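Coordinate analysis (summary)
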Amino acid sequence: AQKVTQAQTEISVVEKEDVTLDCVYETRDTTYYLFWYKQPPSGELVFLIRRNSFDEQNEISGRYSWNFQKSTSSFNFTITASQVVDSAVYFCALSEPSGGANSKLTFGKGITLSVRP
Amino acid sequence: ETGVTQSPTHLIKTRGQQVTLRCSSQSGHNTVSWYQQALGQGPQFIFQYYREEENGRGNFPPRFSGLQFPNYSSELNVNALELDDSALYLCASSLPAEETQYFGPGTRLLVL
């Protein structure tokens, strides 16, 4: 069975600090996708990034960067120069075949990030 | 481009009642997935609909059922509500063979 572990439950930083959110996954599939979603207090899950299992190239998008390492089954997310608006719950997710047209997502328990002014 | 919408936003029911939640997919997306998110937890996959048929199901009992309509919108029905059904119910839409799912704002259900 697939599993996503987000060992950190809550992180609190002061604005402008850098913060890294950890994600470790387990899967027997050779082809899979990893995701990060952001969930602000409103509840809607906002898609941030998708990575497939064949692409270990790290990515930077503005203040966000992602480090994917298959050797350690990790897909970590770093926010540089954090801002108060970054305060939210962040979920790492892994896709697995659902038997349907699309894969289903297996989510970790989420990391609550609080950025203080 | 219209995103995923869900209704109602909040709902209060009593144990044993039935509830219907609604979802309109993002424009052009013909696959809809439903997730249940209990407080403090990550979302759990309930089922997925494609071409108006259930096409993949998670570990949820048969009293959780759904429909998809020709315009790709979807309903989640829950019969014989239990207290543990209190949760945020999220709908996500996607294109077939497109791995990224886009989520709506959710419906918060409270069962008393």
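Higher on the page you've got the structure.
The notes below deal with the structure included here. (Residues numbered from 1 in each chain as written. Chains lettered and ligands numbered in written order. Predicted model: local features only at pLDDT ≥ 70, side-chain atom pairs only at ≥ 80, totals over all residues. Heavy atoms only, no water.)

Examining unusual backbone geometry
Residue and element names in this part refer to chain B. With omega at -10 degrees, the peptide bond leading from Ser7 into Pro8 counts as cis. Relative to the helices and strands, Pro8 is located in the loop between strand 1 (5–7) and strand 2 (10–13). Phi at Tyr72 takes a positive value of approximately 80 degrees, unusual for a residue other than glycine. Locating Tyr72 in the fold gives a position in the loop between strand 7 (64–68) and strand 8 (74–78). Take Tyr72: its relative accessible area is 36%, and that puts it in the partly exposed class. (Helix = DSSP H or I, 4+ residues; strand = E, 2+ residues; numbered from the N terminus. Buried < 20%, exposed > 50% of the residue type's maximum accessible area, 1.4 Å probe, protein only.)

Comments concerning the packing of aromatic side chains
In this structure the tally under the stated criterion is 21 aromatic pairs over all chains. Pairing A:Phe107 with B:Phe103 gives two aromatic rings, centres 6.1 Å apart and planes at 75 degrees, and the pair type is edge-to-face. A residue pair is termed interchain when its members come from two chains, as with A:Phe107 in strand 11 (residues 103–107) and B:Phe103 in strand 10 (residues 102–103). You'll find A:Phe107 and B:Phe103 in the same group, each marked buried. When the centroid spacing of 5.6 Å and the interplanar angle of 65 degrees are considered together, the rings of B:Tyr35 and B:Phe45 count as edge-to-face. Here B:Phe45 lies in strand 5 (residues 44–50) and B:Tyr35 lies in strand 4 (residues 31–37), a separation of 10 residues in the sequence. (Phe/Tyr/Trp six-rings, centres within 6.5 Å; stacked < 30°, edge-to-face > 60°.)

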